[in-house]
Amino acid sequence: MIVKSSAEAIDRAAEALSKGLLVGMPTETVYGIAANALDQRAVRATFTLKGRPLDNPLIVHLGAVEDLASVASEVPSSAWLLAERFWPGPLTLVLPKRTEISNEVTAGLATVAVRVPSHPVALALLKAAHLPISAPSANTFMGLSPTRAQDISSEIEAGLAITLDGGPCSVGIESTVLDLSGSEPAILRPGLISQRQLAEALGVPVVTSDQRKAPGMYPKHYSPRTPVRLAAHLEPNDAGLTFLASTSENQIHMSGNPAEYAAKLFGALAELDKRNLTEIVVEIPPQTDEWVAVNDRLAKASRSRL
Ligand code: TXA
Ligand code: MG
């Protein structure tokens, strides 16, 4: 059941989490399937609901920066520095895990991925529940991440005790995942917070996942049901996303600003996916640094089904 977020709805959602139930939670990036990260049955139910392979670990969400030491066994100064700078916000840090964090959450890895989200509803839920909350994006495996409560599929909705509607997500693509457990900081998933921003904040080079393999990363992901094709330009009869003025109702005009584009991307694809089109054509954005995260999602959305 989707409920407009209110203090009362947040209390109900917190109670559901404490009973081991799953909750639809808005974050600034995408909607997530929230569970008590300390409850192995609830965590397992998250994987079942998504149809997600067990080797793809979940992100643990915290209500405050100080809570980091309660999930990570070692917190290097680089992690505190980035936490102070970017949290609450769309940055996930991978760190050695404490034993309290189960193998269910981390898919058997010795590390845990953790972030403090900035969406006020997510923060209020974390405070009300007094729990670390595991939350993958609220889509079925490989599907589009929902950025509006109404974009959560009925299959997923059916497994949630309550979904808090916190409005459209302002960032619109998933958090940047940065691995701080190795010898050098490595981006495992690009996001709004860029490689350059992270390298500048840390004062050391940050490598990307081309150089290091990330668990649970598949070439195909973030896909609507309708095939997606990338093209330099939309033809007048094409349905899809364009930087120019749209020439039909099946063309959605997208911003030339990468953050604005990202905020709208998954919602626009979800909208076109409802229209029984034969394909969705997406105009290729510039191949520059600030478009890396958007281009990553588009590349994965346009791969043919496995
Ligand atoms: O923006 C987000 O991060 C959203 C919202 C809900 O917070 N969550 C999200 O979760 O995107 P999910 O499960 O869809 O993607 C989490 C990814 C995994 O695919 C994996 O690549 C990485 O985070 N990850 C999680 N734990 C990890 C670990 N211990 N080591 C390396 N990567 C990890
Ligand atoms: Mg996901």
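To start, this report covers the structure provided alongside it.

Quick notes on the rules
Here the residue numbering is sequential within each chain, running from 1 through the sequence in written order. The naming scheme follows written order: chains are lettered A onward, ligands numbered 1 onward. Totals for whole chains, interfaces and linings use every residue, but because this is a predicted model, local features are given only for residues with pLDDT of at least 70 and side-chain atom pairs only at 80 or more, for both listing and counting. Hydrogens and water molecules were not included; the side-chain quantities draw on all heavy atoms of the structure. In DSSP terms, a helix is any run of H or I states spanning at least four residues, a strand is any run of E spanning at least two, and both are numbered starting from the N terminus. For this measure, only C-alpha atoms enter the radius of gyration; the expected value for a globule follows 2.2 Å times N^0.38, where N is the number of residues. Exposed residues in this analysis have more than 50% of their type's maximum accessible area, buried residues have under 20%, and partly exposed residues fall in between, with area computed by a 1.4 Å probe over protein chains only. Residues count as neighbours in contact if any of their non-hydrogen atoms are within 4.5 Å of one another. Here, Shrake-Rupley sampling with a 1.4 Å probe gives the accessible areas, and only protein chains in the shown set may cover a residue. His residues and chain termini do not enter the charge count, which takes Lys and Arg as positive and Asp and Glu as negative. A charged residue contributes its charge at one atom only: NZ of Lys, CZ of Arg, CG of Asp or CD of Glu. For two strands to count as paired, DSSP must find a minimum of two bridges between them. Between the N-to-C directions of two axes lies an angle of 0 to 180 degrees, each axis being a line fitted to C-alpha atoms and, for a helix, fitted only over the stretch in contact. Any residue with a heavy atom lying within 4 Å of a molecule or strand is counted as near it. Pairs of N or O atoms within 3.5 Å make up the polar contacts considered here, provided that, within protein, one atom can donate a hydrogen while the other can accept it, and that residues adjacent in sequence are counted only when both atoms are side-chain atoms. When a carboxyl oxygen of Asp or Glu is within 4 Å of a side-chain nitrogen of Lys or Arg, the pair counts as a salt bridge. Pairing of aromatic rings covers Phe, Tyr and the six-membered ring of Trp, with a centre-to-centre limit of 6.5 Å; geometry is then stacked below 30 degrees between planes, edge-to-face above 60, and tilted otherwise.

On to the overall build of the protein chain, then. Counting its secondary structure elements, the protein chain contains 10 helices and 15 strands. Against the compact-globule benchmark of 19 Å for 306 residues, the protein chain has a radius of gyration of 19 Å, which places it among compact chains. By its C-alpha atoms, the protein chain is 55 × 45 × 35 Å across when sized along the principal axes. Within the protein chain, the proportion of its 306 residues that are buried is 56%. Summarising the internal contacts of the protein chain: among those between residues at least 6 apart in sequence, 67% fall at separations of at least 24. Accessible area for the protein chain stands at about 13,200 Å²; split by element, carbon and sulfur atoms hold 53% of it. Counting 27 positive and 32 negative side-chain charges, the protein chain places the centres of these two groups 4 Å from one another.

A word on the sheet that holds strand S14 (residues 251-253). Two orientations exist for strands paired in a sheet by backbone hydrogen bonds: parallel and antiparallel. In spatial order, the strands read S12-S15-S13-S14; together these 4 strands make up an open sheet with parallel pairing. In this open sheet, the two edge strands, each paired with only one partner strand, are strand S12 (228-231) and S14. Strand-to-strand, the axes of this sheet are offset by a mean angle of 25 degrees, without reference to chain direction. Pairing of strand S13 (residues 240-242) with strand S15 (residues 280-283) involves 2 bridges; the strand directions are parallel. Bridging from a neighbouring strand, Gly-240 pairs with Val-281 of S15.

In the region of ligand 1, 26 residues are neighbours, and Thr-29, Arg-52, His-61, Ser-175 and Arg-189 sit closest. The side chain of Asn-56 places a nitrogen or oxygen atom 3.0 Å from an oxygen atom of ligand 1. In the environment of ligand 1, an oxygen atom lies 3.0 Å from a nitrogen or oxygen atom belonging to the side chain of Ser-137. Here ligand 1 loses 97% of its free accessible area of 680 Å² to cover by the protein chains. Within the residue set of the shell around ligand 1, elements represented by two or more residues are strand S4 (59-61), strand S6 (111-115) and strand S10 (186-189).

Take the pattern of salt bridges next. Across all of its chains, the model carries 12 salt bridges by this definition. Close ionic contact of Arg-148 with Glu-271 constitutes a salt bridge, the shortest N to O distance being 2.7 Å. Highlighted residues: Arg-148 in the loop between strand S7 (133-134) and helix H7 (154-157) and Glu-271 in helix H9 (residues 258-273), separated in sequence by 123 residues. The class for Glu-271 is partly exposed, based on a relative accessible area of 25%. A salt bridge links Glu-279 to Arg-229; its shortest N-O distance comes to 3.0 Å.

Another aspect to go through is the packing of aromatic side chains. Considering all chains together, one arrives at 3 aromatic pairs under this definition. Centroid distance Phe-243 to Trp-291: 5.8 Å. Interplanar angle 85 degrees. Geometry classified as edge-to-face. Of this pair, Phe-243 sits in the loop between S13 and S14 while Trp-291 is found in the loop between S15 and helix H10 (292-302), placing the two residues 48 residues apart along the sequence. Of the residues examined, Trp-291 reaches a relative accessible area of 2% and is grouped as buried. On the numbers, 5.3 Å between centres and 80 degrees between planes, the contact of Tyr-261 with Trp-291 is edge-to-face.

This part is about H10. The buried fraction of H10 amounts to 8 of the 11 residues, a majority that puts the element mostly inside the structure. Along H10, the positions that sit buried rather than exposed are Ala-293, Val-294, Asn-295, Asp-296, Arg-297, Leu-298, Lys-300 and Ala-301. Structurally, H10 contributes buried residues whose contacts are with S10, S12, H9 and S15.

The next point concerns the side chain of Arg-115. Mapped onto the elements of the fold, Arg-115 is located in strand S6. The exposure class of Arg-115 is buried, given its relative accessible area of 2%. At 2.7 Å, the side chain of Arg-115 forms a polar contact with the side chain of Glu-28. Looking at Arg-115, its side chain comes within polar contact range of the main-chain oxygen of Gly-89, at 3.0 Å.

What follows is about the side chain of Glu-174. Along the chain, Glu-174 falls in the loop between strand S8 (162-165) and strand S9 (176-179). Looking at Glu-174, the relative accessible area reads 3%, which means it is buried. Side chain to side chain, Glu-174 and Ser-145 meet in a polar contact 2.4 Å long. A polar side-chain atom of Glu-174 sits 2.9 Å from a polar atom in the side chain of Arg-297. Residues within four places of Glu-174 in sequence aside, it is in contact with Thr-29, Val-30, Ser-145, Arg-189, Pro-190, Gly-191, Tyr-222, Phe-266 and Arg-297.

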